[in-house]
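What the coordinates show
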Amino acid sequence: MITIDDQLLVTDEMNAVVIDYTQKIVLKKLLMKFAFKSGDQAEVVTDLIQSVNYYGMDTKPPEIELELSAYVWSFFTALNKEELTALYFWVLNKNYLCYLDEFECNDDPFDETEFDQRFGRELAFKFYEPNDSGLIQDTIHALKNYIINFAMELDLSLVDEYTSEQIFEEMDNYCS
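Here's a quick rundown of the structure. A quick note: this is a predicted structure, and the numbers were derived from the prediction, not measured.

A few words now on helix α3 (residues 62-77). Here α3 contains 16 residues, and its C-alpha end-to-end distance of 22 Å stays within 8% of the 22 Å for a straight helix at 1.5 Å per residue. Ile64, Leu68, Tyr71, Val72, Phe75 and Phe76 are the residues of α3 that are buried. Projected down its long axis, α3 carries its buried residues within an arc of 130°, all on one side. In α3, those exposed residues whose orientation departs by more than 90 degrees from the buried face are Pro62, Glu63 and Leu66. Buried residues in α3 make contact with α1 (12-35), α2 (47-55), α4 (81-94) and α8 (135-152).

Right, dumping it as C-alpha cells:
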C-alpha cells in the first residue's frame, strides 16, 4: 500500500486495478459457482440460478431466499484475504455516494481539507473494521443484488444446449 506520514493513500490507478481484479476474477468466480454445478458437470445449470431467474426481484419463497443467502455467505466466507480485500474496495466504490450522503448528514460543516480527512477516516474505518462498520452486511447485500440482477438478464425459460453459451456471454458482459 502507498502510505505517507502513516496515512493510507489509494490512488486512482490502484483503485482501478483492484476493481478490475474484483470484476474479472472474484465476481466471475461468484457467477460461475452460482450458474453451473461443480465438478464434471461444468455446463449443467444450477437450480438456484433458475429459481432466482424465475422470481427476479419479486418476493421469493423463503426456502429460495434462504438458499440464496446461504450461497452468498458460503462464497463470502471461502474467499482468501486478497479476494476479500478486493471485494471490499468494490463495495466501497459501489456505495461511495451512499456513504457520502450519510456522512454529510451526520456531521457539522467544516472546510474541504478537514472534510476529506474525516470522510477518508470513515471509509478507512469501514475497510479495517468491516464487522463493526457494517461493511460485511453491505458486501453480502451487494453480492445478492449482483447475482439477482445477473440472473434476471438471462432467458432461462428454456434450458437447452445453448443456455450455457448464453450464460457465458452475459457473464463476460457483467465481469468486464
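This part takes up the packing of aromatic side chains. Counted by the stated rule, this structure contains 11 aromatic pairs. Taken together through their ring pairs, the aromatic side chains of Trp73, Phe76, Tyr88, Phe89, Phe127 and Tyr128 make up a single cluster.

This part is about the environment of Asp172. Position of Asp172 among the secondary structure elements: in helix α9 (residues 163-174). By relative accessible area, which is 44% here, Asp172 ends up partly exposed. Residues Asp172 and Gln23 lie 149 residues apart in sequence; the distance between their C-alpha atoms is 9.8 Å.

A few words on a negative patch on the surface. A surface patch of negative charge is lined by Asp101, Glu102, Glu104 and Glu122. A per-element tally of the negative patch places helix α5 (residues 96-106) first, with three residues. One can find Glu104 in helix α5. By relative accessible area, which is 43% here, Glu104 ends up partly exposed.

Those residues of α2 that sit buried are Leu48, Ile49, Val52 and Asn53. Down the axis of α2, the smallest arc covering the buried residues is 135°, so these residues share one side. For α2, the exposed residues lying more than 90 degrees away from the buried face are Asp47 and Tyr54. The secondary structure elements touched by the buried residues of α2 are α1, α3 and α8.

Conventions we followed
Residues numbered from 1 in each chain as written. Predicted model: local features only at pLDDT ≥ 70, side-chain atom pairs only at ≥ 80, totals over all residues. Heavy atoms only, no water. Helix = DSSP H or I, 4+ residues; strand = E, 2+ residues; numbered from the N terminus. Expected span 1.5 Å × (residues − 1). Buried < 20%, exposed > 50% of the residue type's maximum accessible area, 1.4 Å probe, protein only. Arc of directions from axis to C-beta. Contact = heavy atoms within 4.5 Å. Phe/Tyr/Trp six-rings, centres within 6.5 Å; stacked < 30°, edge-to-face > 60°. Patch = residues over 30% accessible without salt bridge, like charges linked within 9 Å, V, L, I, M, F, W, Y side chains within 5 Å. Areas by Shrake-Rupley, 256 points an atom, 1.4 Å probe, with all protein chains shown as cover. Salt bridge = Lys/Arg side-chain N within 4 Å of Asp/Glu carboxyl O. Lys, Arg positive; Asp, Glu negative; His and termini not counted. Charge placed at Lys NZ, Arg CZ, Asp CG, Glu CD.

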